[in-house]
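Observations on the three-dimensional arrangement
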Amino acid sequence: MPEASALREAPWRAGLRAARAHLVPGLILQACALALVVAYYQHPPTHAALDALANFRARTGRLYGIVATGLFGGVLPFVYLKLHPATRDRYTLAQGAFLLGFWAYKGFEVDLWYRMLNAVIGPGHDTATIATKMFLDQFVYCPIFAVPLSTLVYAWCEAHFDTATLRADVCAGGWYGRRVLPMLIGNLGVWVPAVCIIYALPLALQLPLFNLVLCFFTLILAHMAKREEPPAR
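Throughout what follows, the structure given in this document is the object of discussion.

Each value, and the rule that gives it
- Residues numbered from 1 in each chain as written.
- Predicted model: local features only at pLDDT ≥ 70, side-chain atom pairs only at ≥ 80, totals over all residues.
- Heavy atoms only, no water.
- Helix = DSSP H or I, 4+ residues; strand = E, 2+ residues; numbered from the N terminus.
- Contact = heavy atoms within 4.5 Å.
- Patch = residues over 30% accessible without salt bridge, like charges linked within 9 Å, V, L, I, M, F, W, Y side chains within 5 Å.
- Areas by Shrake-Rupley, 256 points an atom, 1.4 Å probe, with all protein chains shown as cover.
- Salt bridge = Lys/Arg side-chain N within 4 Å of Asp/Glu carboxyl O.
- Buried < 20%, exposed > 50% of the residue type's maximum accessible area, 1.4 Å probe, protein only.

1. Description of the environment of Ala 39
Summarising the element assignment, Ala 39 is placed in helix α2 (residues 11-42). The spacing of Ala 39 and Leu 50 is eleven residues in sequence and 9.8 Å in space, taken between C-alpha atoms. Not counting residues up to four positions away in its chain, the partners in contact with Ala 39 are Thr 46 and His 47.

Structure follows, in structure tokens:
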């Protein structure tokens, strides 16, 4: 009889399956983000509205990233899950509060990352600058730090904060390949174009657009989970 490990789906296959599932909603999401950026540069009323947002963002400083990312990454997806019977029991209020805190922290982290790239690579919006920032974002920052951390946090939350369960999974061997790699592959099709679009905006507007993409992306995932997961889960 084949061993269970031999029957387990290969990480790259799981990632490609997720990428195919995200393809159509991801394209719609990217088109909306691109339309917003084009409108910023070509449509004066949109430019004025986003400049007002950028000024508000500048006045509120780091607090904006903490509050806005906590709202878009934590609160809105949690409310969405609670409004649908198929996913209503996925997270408790305690888990929702924890995820709110996590995404509030992520707002500080991503804001710091964008500021660092702006200082090191430069504020330009030319192709070379955008491509360099995209590469560092998606092929350095995400695989080394951002996605592994998020995977650990969500696994701990899904296990109802049972550290022993999380430790056993991590120590079972091949954790990065089993848990992180499929997520990285599955998300590339959405986030590589998305971050290119984000870096085409001035620094003050990059985090707000990131939050919009993040919110709709998590809602896509929540909707897919509602549609595809068996009720017992």
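Picking up after the structure, the text goes on.
2. Some thoughts on unusual backbone geometry
We note that His 160 has phi near 55°; this positive angle belongs to a residue other than glycine. Mapped onto the secondary structure, His 160 falls in the loop between α6 (127-158) and α7 (163-171). Even without being a glycine, Phe 161 presents a positive backbone phi close to 65°. One can find Phe 161 in the loop between α6 and α7.

3. Considerations on a nonpolar patch on the surface
On the surface, Leu 63, Ile 66, Val 67, Tyr 105, Phe 108, Leu 112, Ile 144 and Phe 145 cluster together to form a nonpolar patch covering roughly 740 Å² of accessible area. Those elements giving two or more residues to the nonpolar patch turn out to be α4 (62-83), α5 (93-120) and α6. Mapped onto the secondary structure, Leu 63 falls in helix α4. Residue class for Leu 63 comes out exposed when judged on its relative accessible area of 54%.

4. Quick word on the pattern of salt bridges
What the rule picks out here adds up to seven salt bridges. Here Arg 115 ties to Asp 111 by a salt bridge, and the two come within 3.1 Å at their closest N and O atoms. Within this pair, Arg 115 and its partner Asp 111 are both found in helix α5, separated by four residues, close to a single helical turn. Its relative accessible area of 29% is what places Arg 115 among the partly exposed residues. A relative accessible area of 2% means that Asp 111 is categorised as buried. Residue Arg 178 is joined to Asp 169 by a salt bridge in which the shortest nitrogen-to-oxygen separation is 3.0 Å. What makes Arg 178 buried here is its relative accessible area of 19%. Through salt bridges with shared partners, one network takes in Arg 57, Arg 62, Asp 111 and Arg 115.

Such coordinate-based values are descriptive only and should not be taken to indicate function.
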